[in-house]
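Listed here are the chains, written in short residue letters.
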Amino acid sequence: MANWHALPPEEALKLLNSGSDGLSEDEAASRLERFGPNDLARISGPGPVRILLRQFENYMVLVLLAAAVISWLSGEKSNAIVVLGILLFIAILGFVQEYRAERAMEALRKMVAPEARVFRGGRLVTLPAGNLVPGDVIYVEAGDIVPADARILDASALEAVESSLTGESNPVRKSPDPVREDAPLADRSSMLFMGTMVTYGNGRAVVTSTGSDTELGRISGMIQETPAEPPLKIRLQQLSKSLAVMVFIAAILVFSIQVYRGNPVLDTLLIAAALAVAGIPEALPFVVTLALAYGTQSMARRNAIVRRLPAVETLGSTTVICTDKTGTLTRGEMTVREIWCGRRVEVTGSGYVPEGVFKVDGSEIDPGAFDALRETIITGALCNNSEVVFEDGWQIVGDPTEGALIVLAKKAGLDLRERCREVTEYPFASDTRRMTTVHQCGNDLRVSMKGAVEVVVERCSYVMDHSGLRPLSDADRKRILEIADVMAGRALRVLAAAFKQIESGDLSRDFLERDMIFTGLFGMMDPPREEVCGAIDVCKRAGIRPVMITGDHKRTAEAIAGELRMLNGGVLDGSELDSMSDQELSDRIESISVFSRATAEHKMRIIKALKEHGHVVAMTGDGVNDAPALRSADIGIAMGRTGTDVSKEASDMVLADDNFATIVAAVEEGRRIYENIRKASAYMLAVTFAEVAVILMAVLVGLPAPLLALQILWINVVAEDFPAIGLAVEPARPGLMNERPRNPKEPILSRDVLVYTIGTSAAMLIGTLGLFLLNLDDGLGYARTVAFASLGICAIYNAYSSRSFHHSVLQMNPTGNVKLLAGIVASLASVVMVIYIPVFQRAFETLPLTLDSWLQVWLVSTIVIVVAEVLKRSMKTNSQGSVGSPGE
Ligand code: ATP
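Residues numbered from 1 in each chain as written. Predicted model: local features only at pLDDT ≥ 70, side-chain atom pairs only at ≥ 80, totals over all residues. Heavy atoms only, no water.

Participant: Can you walk me through the site of the ligand in this structure?
Facilitator: Near the ligand you find 18 residues, and of these Lys325, Glu402, Arg493, Thr550 and Asp552 are the closest. Contacts to the ligand include Gly551, whose backbone N or O atom sits 3.2 Å from an oxygen atom. Residue Arg597 places a side-chain N or O atom 3.1 Å away from an oxygen atom belonging to the ligand. Here the ligand loses 92% of its free accessible area of 600 Å² to cover by the protein chains. Tallying contributions element by element places strand β23 (residues 492-502) first for the shell around the ligand, with three residues. (Near = heavy atom within 4 Å. Polar contact = N/O pair within 3.5 Å; in protein donor to acceptor, adjacent residues only side chain to side chain. Areas by Shrake-Rupley, 256 points an atom, 1.4 Å probe, with all protein chains shown as cover. Helix = DSSP H or I, 4+ residues; strand = E, 2+ residues; numbered from the N terminus.)

Participant: What is the right way to look at the nonpolar core in this model?
Facilitator: Side chains that are nonpolar tend, in soluble globular proteins, to be buried together. Among the nonpolar cores identified, the biggest contains 137 residues, and Ile321, Phe660 and Ile677 are the most heavily contacted of them. There are two domains that each give this core at least three residues, and those are domain 2 (281-303 + 666-874) and domain 3 (306-330 + 530-658). The contact partners of Ile321, leaving out residues within four places of it in the chain, are Cys539, Ile544, Arg545, Pro546, Val547, Ala618, Phe660, Ile663, Val664 and Val667. (Core = buried A, V, L, I, M, F, W, Y, C linked by side-chain atoms within 4.5 Å. Buried < 20%, exposed > 50% of the residue type's maximum accessible area, 1.4 Å probe, protein only. Domains from an automatic or database assignment. Contact = heavy atoms within 4.5 Å.)

Participant: I tried to follow the sheet that holds strand β28 (residues 617-621) on my own but got confused; where do I start?
Facilitator: Strand pairing in a sheet takes place through backbone hydrogen bonds and is either antiparallel or parallel in direction. Taken together, eight strands build an open sheet; the order of strands is β10-β30-β29-β28-β11-β25-β27-β26 and the sheet is mixed. Only two strands of the sheet have a single partner each, and these edge strands are β10 (304-306) and β26 (570-573). This sheet shows a mean twist of 20° between the axes of neighbouring strands, independent of strand direction. The sheet contact formed by β26 and strand β27 (residues 592-596) spans four bridges and is parallel. Among the inter-strand pairings, Asp573 is bridged to a residue of β27, identified as Ser596. (Pairing = 2+ DSSP bridges. Axes fitted to C-alpha atoms, helices over the stretch in contact; angles between N-to-C directions.)

Participant: Just checking my understanding: could you explain helix α17 (residues 530-541) for this structure?
Facilitator: Residue pairs spaced three or four apart in an α-helix point in one direction, given the helix's 3.6 residues per turn. Taken residue by residue, α17 has Val532, Cys533, Ala535, Ile536, Val538 and Cys539 as its buried positions. Lining the buried residues of α17 we find β11 (320-323), β25 (545-549), α18 (554-563) and α24 (660-700). Among the residues trailing α17, Gly543 stands out with phi positive, at a value near 70°.

Participant: Explain the packing of aromatic side chains here, please?
Facilitator: Within a pair of aromatic rings, the relevant descriptors are the distance that separates the centres and the angle that separates the planes. Inspection of every chain in the model, using the stated rule, returns seven aromatic pairs. Judged by centre distance (5.2 Å) and plane angle (70°), the rings of Phe390 and Trp394 are edge-to-face. Judged by relative accessible area, Phe390 falls into the exposed class, the value being 57%. On the basis of relative accessibility, which here comes to 32%, the residue Trp394 falls in the partly exposed class. Ring geometry for Tyr797 against Trp858: centres 6.0 Å apart, planes inclined by 70°, an arrangement best described as edge-to-face. Of this pair, Tyr797 sits in helix α28 (residues 780-801) while Trp858 is found in helix α31 (residues 851-861), placing the two residues 61 residues apart along the sequence. One aromatic cluster in this structure is built from Trp714, Phe840 and Phe844. Across the ring face of Phe119, the terminal group of Arg204 is positioned such that the distance to the ring centre comes to 5.7 Å. (Phe/Tyr/Trp six-rings, centres within 6.5 Å; stacked < 30°, edge-to-face > 60°. Lys NZ or Arg CZ within 6 Å of the ring centre and 35° of its normal.)

Participant: How should the domain arrangement of the protein be read in this particular structure?
Facilitator: How big an interface is tends to be expressed through the accessible area that disappears when the partners come together. Under the domain assignment, the protein is made up of domain 1 (4-42 + 108-223), domain 2 (281-303 + 666-874), domain 3 (306-330 + 530-658) and domain 4 (337-524). Averaged C-alpha coordinates put domain 2 and domain 3 at centres separated by 42 Å. Taken together, the contacts link 17 residues of domain 2 with 21 residues of domain 3. Interface of domain 2 and domain 3: buried area, both sides summed, is about 1,600 Å²; carbon and sulfur atoms make up 67% of it. Considering only the surface of domain 2 that becomes buried against domain 3, Asn303, Val667 and Arg742 emerge as the three largest contributors, covering 31% of it. At the boundary of domain 2 and domain 3, one finds zero salt bridges. At the boundary of domain 2 with domain 3, the tally comes to six residue pairs in polar contact (both at pLDDT 80 or more). Looking at the side of domain 2 that touches domain 3, the elements that each hand over two or more residues are α10 (284-301) and α24. (Buried area = accessible area lost by both parts, 1.4 Å probe. Salt bridge = Lys/Arg side-chain N within 4 Å of Asp/Glu carboxyl O.)

Participant: Sorry if this is basic, but what is going on with the pairing of strand β5 (residues 149-161) here?
Facilitator: The element β5 is largely enclosed, with a buried count of 11 among its 13 residues. Pairing between β5 and strand β8 (residues 197-209): 10 bridges, direction antiparallel. Bridge assignment links Ala160 to a residue of β8, and that residue is Val198. Relative to strand β7 (residues 191-192), β5 is paired through two bridges, and the arrangement is antiparallel. Across the sheet, the residue bridging to Arg151 is Met191, located in β7.

Participant: Teacher, can you tell me more about unusual backbone geometry here?
Facilitator: Glycine aside, the phi torsion of most residues is negative, and most peptide linkages are trans. With a phi close to 55°, Arg433 is a non-glycine residue in the positive phi region. By the element assignment, Arg433 lies in the loop between β18 (420-426) and β19 (434-441). Note on Arg433: relative accessible area 18%, which makes it buried. In this structure, Ala491 takes a positive phi of about 65° despite not being glycine. Mapped onto the elements of the fold, Ala491 is located in the loop between α15 (474-489) and β23.

Participant: Teacher, can you tell me more about the pattern of salt bridges here?
Facilitator: Side chains bearing opposite charge may pair, as long as their charged atoms lie close to each other. Within the structure shown, the criterion is met by 52 salt bridges. With its nearest N and O atoms 3.6 Å apart, the salt bridge here joins Lys478 to Glu482. Taken together, the positions of Lys478 and Glu482, both in helix α15 and four residues apart, correspond to about one turn of that helix. Judged by relative accessible area, which is 43%, Glu482 ranks as partly exposed. As a salt-bridge pair, Arg545 and Glu590 come within 3.4 Å of each other at their nearest N and O atoms. On the criterion of sequence distance, the pair formed by Arg545 in strand β25 and Glu590 in the loop between α20 (582-588) and β27 is long-range, its members being 45 residues apart. Several salt bridges converge on common partners, so that one network encompasses Arg434, Glu458, Arg459, Arg509 and Glu513.

Participant: Could you clarify how one ought to interpret the environment of Asp645 in this entry?
Facilitator: Relative to the assigned elements, Asp645 resides in helix α23 (residues 645-650). For Asp645, a relative accessible area of 17% translates into the label buried. On a C-alpha basis, the gap between Asp645 and Ala116 in space is 9.8 Å, while along the polypeptide they are 529 residues apart. With residues up to four places along the chain from it excluded, the contact list for Asp645 reads Glu115, Gly143, Asp144 and Ile145.

Participant: Even after reading the chapter, I still don't get the state of the cysteines, so can you show me in this structure?
Facilitator: Cysteine pairs can be linked by a disulfide, which is a covalent bond between their two sulfur atoms. Inspection of the entire model under this criterion finds one disulfide. Each sulfur in the disulfide pair Cys420 and Cys441 lies 2.2 Å from the other. Between Cys420 and Cys441, the disulfide has an S-S torsion of 115° and is therefore right-handed. Taken together, the positions of Cys420 in strand β18 and Cys441 in strand β19 put the pair 21 residues apart, joining distant regions of the chain. With respect to class, Cys420 is no different from Cys441; both count as buried. Cysteine Cys322 remains unbridged, with the sulfur of Cys539 as its closest cysteine sulfur at 11 Å. (Disulfide = S-S within 2.5 Å.)

Pasting the structure below:
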């Protein structure tokens, strides 16, 4: 293999049979065949066989297997066969659901797969990073994760952090100059390595190796991905375990009492085993997985892509959403509306269409004839890394702020980029808030700077206006800042422009950015997104505080916040924040709704202060510096369109459309999913408790067991599971976003929900045991069949009623959840089947029920609905006040 780092860039290109325009599409396709995709083998989700085997790995299956063996040995072969059938059913159901959930997660993972910018046939295109091949010429800039190993061709202030390879966490300066052949990895400054982060600058590089041939591929071989288990699932698994222990003790108790009373040991052993199985809500974990998987899919349809599953649970309890302004609250579509250069110049036109005129006091002027205006516009075009292209209308490639300046230059006919060659560049970064370039234009070396007004003015010593060039006085500085304030107050984003001509080749930043000539201010319009106002109103009703954290000017931020009706508290500027202690910030944090001129470090302090007040904080971020804040927020949210790879990597969720309203939609989904899991758990536990209680109670008072082992099993693992699946996907109920966020510390079975669960299970116990006693005169077999039917119907009533803890069954839309209805039909069919089909009758020892008995069962079982209604009312009364208006 060539020592790419030691070769000159042209040599590397030649060896790779490539050119500075990159490869052609055909050549790239044939290389992809030859070298394979640019992927590292991933240990991602488990395969189908693994998922199937996993179904047999639990305690319940072992108990069932033991029950089948006992039945077989005692000659009850049909019993054994049915138990094995049930086992198979559990395995298949579990497998199908888990497999689908796994595929759903896989699809989500693909949606956030990394991309790369590549020159193909001379055009810069964005491709999935997996399609890169050796010889491709890539473009990287601050915030990118390097998609393959590559030899640098040219670089502007390019820096990368390579800690994942070298352990060194400081950024390394990169340049195209070859280095010693024996240079260690950490010193190969002419190379970029896959998986490292570009933290500053930009550049082009030719791909030298891909996939497992890269340095990263060689070191790690495989990327281990251990998906985080949602805490909710872990808590429910723990709950299931403690339940299992309790039920196990109850089973031993039943067994001892029954044997003591002289019942046949084998029969009793089977009942005890069935009870032990019935006590485990075995479908609970997969109902959780299902609710989360379906939920994340529907979030993805609403443009919120969840990267870490636990985020779903946290989303539902979010109390503060800290959001960027540009592109998230606003459309991120900039248009320069006015320029100030000693006088106010209006610019007409709309969007990115490069057509418009320049007016002073209503009369059209020639922008080229007016020195300060001309230089301001030229600075905007040269100090720029973006492009405006025509593809389905005029569009920006790159940063919209810079795109707007290109459009402006085109309107004025002053886009000099063709005539000037860039010599060096100090790119824009949100902490320096400025950008500086040097261009060779003919014989002149022109330094151009644009950025936040106070930052640029500080570096100027001269001013150019209609009266010519003169030194910049303190009064001028003051006036410029005042004008900028007025412009910002009209919700304009304001940038200042400055330039100077130099002669020497000194390209140090210090020298370049000294003694500049101030020429003018750009005022850009970035209108708020229409849907955001509605989303902010939803937040207010839902007890969630939206907070704007922006790098923009205080006045601009304030004006936009005002338009969006989110200016409930004060505005705090980054400079004021700097002079405050953490304690002072914490004291004021509850009253501030806008932070202006904020940096990534400010975001960290804000998160800390909010957390101290017990808030659950969602925080957006897009830049490379935002990664720590995204990690330390409860929910880190990255921008799918404009966000850097680094910010996406650090986030829990990515917004495909960068839109604030999407965050609010995701919070609603989070609340819905949590509530569904809660409902399904309450329902399944109620049925479980009822089954155990029916047997235990009967045995304690000396009655024969009202249900046989197989009957218990059937209800528990077949009839009960179908509706649970339906409950897990219940649509959001009205009023869900009219309530305050859930307390994250509250257990999944809160006191209210626990009372509901115990109450409904007590109703099921009374109904089933009552009907059993009532029918005992018709023979034990008949009474057991009635009890079996009753438990089945009670469970169905309970499932329907559990669709909402807030609405009465009469208020619910009967066809609002078709999956649940299908589950109820399946559950009913499974019960009827066991009572009427002869093979099942023999195995389950059931007898056909009369119409009267069915009527009795249907009527008596309604006790579950009655009790549920009473409990719902009391839940509503309890929660009033703390829950706000439930909106029902
Ligand atoms: P938000 O954080 O809400 O997205 P923002 O986009 O305004 O806000 P930054 O991008 O950090 O925040 O911009 C901060 C300031 O830097 C802007 O107010 C502007 O004055 C200046 N600025 C923004 N983009 C550029 C750029 N490309 N070149 C030079 N200066 C810029």
